[in-house]
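# Understanding the architecture of this molecule
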Amino acid sequence: VQLQASGGGLVQAGGSLRLSCAASGRTFSSYVMGWFRQAPGKEREFVAAISWTGTSTYYGDSVKDRFTISRDNAKNTVYLQMNSLNSEDTAVYYCAADPNLATMTRGSPRGIDYWGKGTQVTVSS
């Protein structure tokens, strides 16, 4: 499956952004979808994941209650709504796909089958 993330940009602290990730090539609903992020000099960090039909969502501790992941299987797209952004949210955001829920939600980027190229989010204070 090919993944293309978009929607990143420059935003002031306290602002919002919505990221999108469009998928193509395989049956989108067969994949658990997720978002990770990587700041300069840091490891890639789990942000959020959503189950195949969108019934269940999972979040990293640093984004709980601020970010919301959703998906539209008819449009082969997963979204990440980011609110109350702060400087620590500055990173390259990557969308990811894997058929296995445990692989996506265990918090590590290792073993995940597919990755998009990433979109830069910069939060100015």
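Here, the structure is the one placed above.
So, how was this worked out
- Residues numbered from 1 in each chain as written.
- Predicted model: local features only at pLDDT ≥ 70, side-chain atom pairs only at ≥ 80, totals over all residues.
- Heavy atoms only, no water.
- Pairing = 2+ DSSP bridges.
- Helix = DSSP H or I, 4+ residues; strand = E, 2+ residues; numbered from the N terminus.
- Axes fitted to C-alpha atoms, helices over the stretch in contact; angles between N-to-C directions.
- Disulfide = S-S within 2.5 Å.
- Buried < 20%, exposed > 50% of the residue type's maximum accessible area, 1.4 Å probe, protein only.

Attention now goes to the sheet that holds strand 1 (residues 2-6). Sheets are built from strands that pair by backbone hydrogen bonding, the pairs being arranged parallel or antiparallel. The antiparallel open sheet is built from four strands, whose spatial order is 1-3-8-7. Sheet topology places strand 1 and strand 7 (67-72) at the edges, where each strand pairs with a single neighbour. Along the sheet, successive strands turn relative to each other by an average axial angle of 15°, direction set aside. Pairing of strand 3 (residues 17-24) with strand 8 (residues 77-82) involves six bridges; the strand directions are antiparallel. Its bridge partner lying in strand 8, alanine 22 is registered against threonine 77.

Taken as a whole and judged by the stated rule, the model has one disulfide. The side chain of cysteine 21 participates in a disulfide bridge whose partner is cysteine 95; the two sulfur atoms lie 2.1 Å from each other. Here cysteine 21 and cysteine 95 share a disulfide; its torsion about the S-S bond, 50°, makes the bridge right-handed. Within this pair, whereas cysteine 21 is found in strand 3, its partner cysteine 95 is found in strand 9 (residues 91-98), the two being separated by 74 residues in sequence. Classification of cysteine 21 by relative accessible area gives buried; the value is 0%.

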